[in-house]
Amino acid sequence: MAIKLYNTLRKQKEEFVPVEPGKVKMYVCGPTTYNYIHLGNARPIVAFDIIRRYFRYRGFDVTYVQNFTDVDDKIINRAKEENMDPVALAKKYIEAYFADADQLGVLRADVHPKVTEHIKEIITMVRRIIERDLAYEVNGDVYFAVRQFPGYGKLSGRSLEDMQAGARIAVGEQKRDPLDFALWKAAKPGEPAWNSPWGKGRPGWHIECSAMSTKYLGETFDIHGGGADLIFPHHENEIAQSEGCNGVLSVKYWLHNGFITINQEKMSKSLGNFFLLRDILAKFPGPVVRFYLMNTHYRSPLDFDDQKLAAAEKSLQRIWTTYRLIAEKIAGLEKAPGSDGEDLATLKELPEKVRENFIAAMDDDFNTSLALAAVFDLCKEVNTLLNQRDFQGGEETIKALQAILALFAELDAVVAVLIPKEEETDDLTQDLLEIIMNLRGKARSAKDWPTADYIRDALKPLGIIIEDTPDGPRWKKEK
RNA sequence: GGCGCCAUAGCCAAGUGGUAAGGCAGAGGACUGCAAAUCCUUUAUUCUCCAGUUCAAAUCUGGAUGGCGCCUCCA
């Protein structure tokens, strides 16, 4: 079965057909590094990480590029405020970005190109666009002549007339037409600048993505992703630049994620209603945040508050509990094998059924919400079987359970949240807890409930959770 | 003003023609010394509203209402 994805360019779901068989080349607009990233920034990062992982899971050879905009008005302004060199400021926040992304389980892109390291490519591209009469230079600025490019508006579904009304020329700009946008900006005093055929200056915002995507993925590549707010003007301009320059289709599939909202309002730096990811990660583990983002389809809006993260944490714990239950059951059966029961057939069939449902869901425009339902179904069925009082099993049952554990690992390669990340405990802790558990066991045998409860309650604040299960007491460490 | 998106239970959320997935929270029960975890049962005769098409609509069409986004930096 083929993977279908929603293409903003044609406003419909389409079957994915790669430019080159077996390969996926994708580019995602990364952050402008002038601050720590906020939750809204995290959405595309996670969404496209999942998409990228899924293509890989389905056997594609994926090349994934995500840029950093490390030169920009906002960076320059922020650098002035912090009295830092703009390049150093960008570097600081790029490092912070990776720290945050790592916690979310986001894999590194194959390439993380920076604008400052691609000035040469950008200048070459601007020059070619000028040669094709699609851009013009005025006093060190270079502007793209929008009316010269016939396809302008095809992504955002706007006509030039529609755009005319909202367009304006800012003070100091020298555009021939209000709709034209800057490819190159003449240097202002004190700003980072590079030599160019048009004098000292720096790239406009849009040209970087065209130059870098072309360099790493070719003139025509498969997927371009980003937030829905980038459709216009950023991605519209990218199309104009890349196709104007190269003369061929630049991107086959445009994918856009929906927004995170706060009280139904868009979370954004400009509205000031944003939550820094690092602050959220101080309260909730990365996998929980990732699960929360994944629980809703990537194109839908997603409202944020702490209660929703708390609910996500509970949901995720349900999956983790099942994972632990299976692992413990296997260990128990290995110690004291019984005979394989009639549950064996069901256990053996489970992985294939769940895998099928998971893939069908993900194939349909990466329906993570539905894919997770398949995992919850698995949890329910396994829990039901394993909790039967008379459940036992031999070699075959153990194999079947191991296959289910392997399925968790397999699906985890896509969603990266299915396997609980145990807090590490050192040997001393292990040994001490064994002693404590023994003491508590004696207290319980003697029906000394106050002592037993004291031990359990006192350890809880330390992150040690004691549970008395039908199979005996056990403890786990949680954050 | 132009372009576009959305509306499903207390909350989150899937479902785009065949009779409402899943999760959280709630209720009852099992298990337990208690708690936790888990299991069983239960929670929308109905998908914002109105009209239409159809044997059949949450799903298609038209309209209304409400909410959001883009058009200026934004993921």
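Here, the structure is the one placed above.
Residues numbered from 1 in each chain as written. Chains lettered and ligands numbered in written order. Predicted model: local features only at pLDDT ≥ 70, side-chain atom pairs only at ≥ 80, totals over all residues. Heavy atoms only, no water.

Comments concerning the overall build of chain A
The number of helices and strands found in chain A is 15 helices and 15 strands. Seen along its three principal axes, the alpha-carbon backbone of chain A occupies a region of about 90 × 50 × 35 Å. When each of the 479 residues of chain A is scored for burial, the buried share is 51%. A sequence separation of at least 24 residues applies to 77% of the contacts in chain A between residues at least 6 apart. Within the structure as shown, chain A displays about 22300 Å² of accessible surface, and the carbon and sulfur contribution to it stands at 51%. (Helix = DSSP H or I, 4+ residues; strand = E, 2+ residues; numbered from the N terminus. Buried < 20%, exposed > 50% of the residue type's maximum accessible area, 1.4 Å probe, protein only. Contact = heavy atoms within 4.5 Å. Areas by Shrake-Rupley, 256 points an atom, 1.4 Å probe, with all protein chains shown as cover.)

Considering the pairing of strand 4 (residues 61-66)
Pairing geometry for strand 3 (residues 23-28) and strand 4, over six bridges, is parallel. Of the residues in strand 4, the one forming a bridge with Lys 23 is Asp 61. Following the chain from strand 3 across helix 1 (residues 39-57) to the adjacent parallel strand 4, one finds a crossover that is right-handed. (Pairing = 2+ DSSP bridges. Right-handed = clockwise from strand over helix to strand, strands pointing away.)

Here we look at a nonpolar patch on the surface
A surface patch of nonpolar side chains, about 410 Å² in accessible area, is lined by Leu 428, Leu 432, Ile 435 and Leu 439. Assessed through its relative accessible area of 43%, Leu 432 is described here as partly exposed. (Patch = residues over 30% accessible without salt bridge, like charges linked within 9 Å, V, L, I, M, F, W, Y side chains within 5 Å. Salt bridge = Lys/Arg side-chain N within 4 Å of Asp/Glu carboxyl O.)

Overview of the environment of Glu 381
The topology assignment puts Glu 381 in helix 12 (residues 368-386). When its relative accessible area of 27% is taken as the criterion, Glu 381 is described as partly exposed. Separated by 59 residues in the primary sequence, Glu 381 and Thr 322 have C-alpha atoms spaced 9.9 Å apart. In this view, Glu 381 contacts Thr 346, Leu 350 and Lys 353; residues no more than four positions away in its chain are not counted.

Here we look at helix 13 (residues 395-415)
What sets the pattern is the α-helix's 3.6 residues per turn: residues three or four places apart point alike. For helix 13, which comprises 21 residues, the first-to-last C-alpha distance of 30 Å matches the rise-based estimate of 30 Å (1.5 Å per residue) to within 8%. Along helix 13, the residues classified as buried are Thr 397, Ile 398, Ala 400, Leu 401, Ile 404, Leu 405, Leu 407, Phe 408, Leu 411, Asp 412, Val 414 and Val 415. Turning to helix 13, the residues buried within the fold contact helix 1, helix 9 (286-294), helix 10 (306-335), helix 11 (343-363) and helix 12. A positive backbone phi angle near 60 degrees is found at Ala 416, which sits one or two residues after helix 13. (Expected span 1.5 Å × (residues − 1).)

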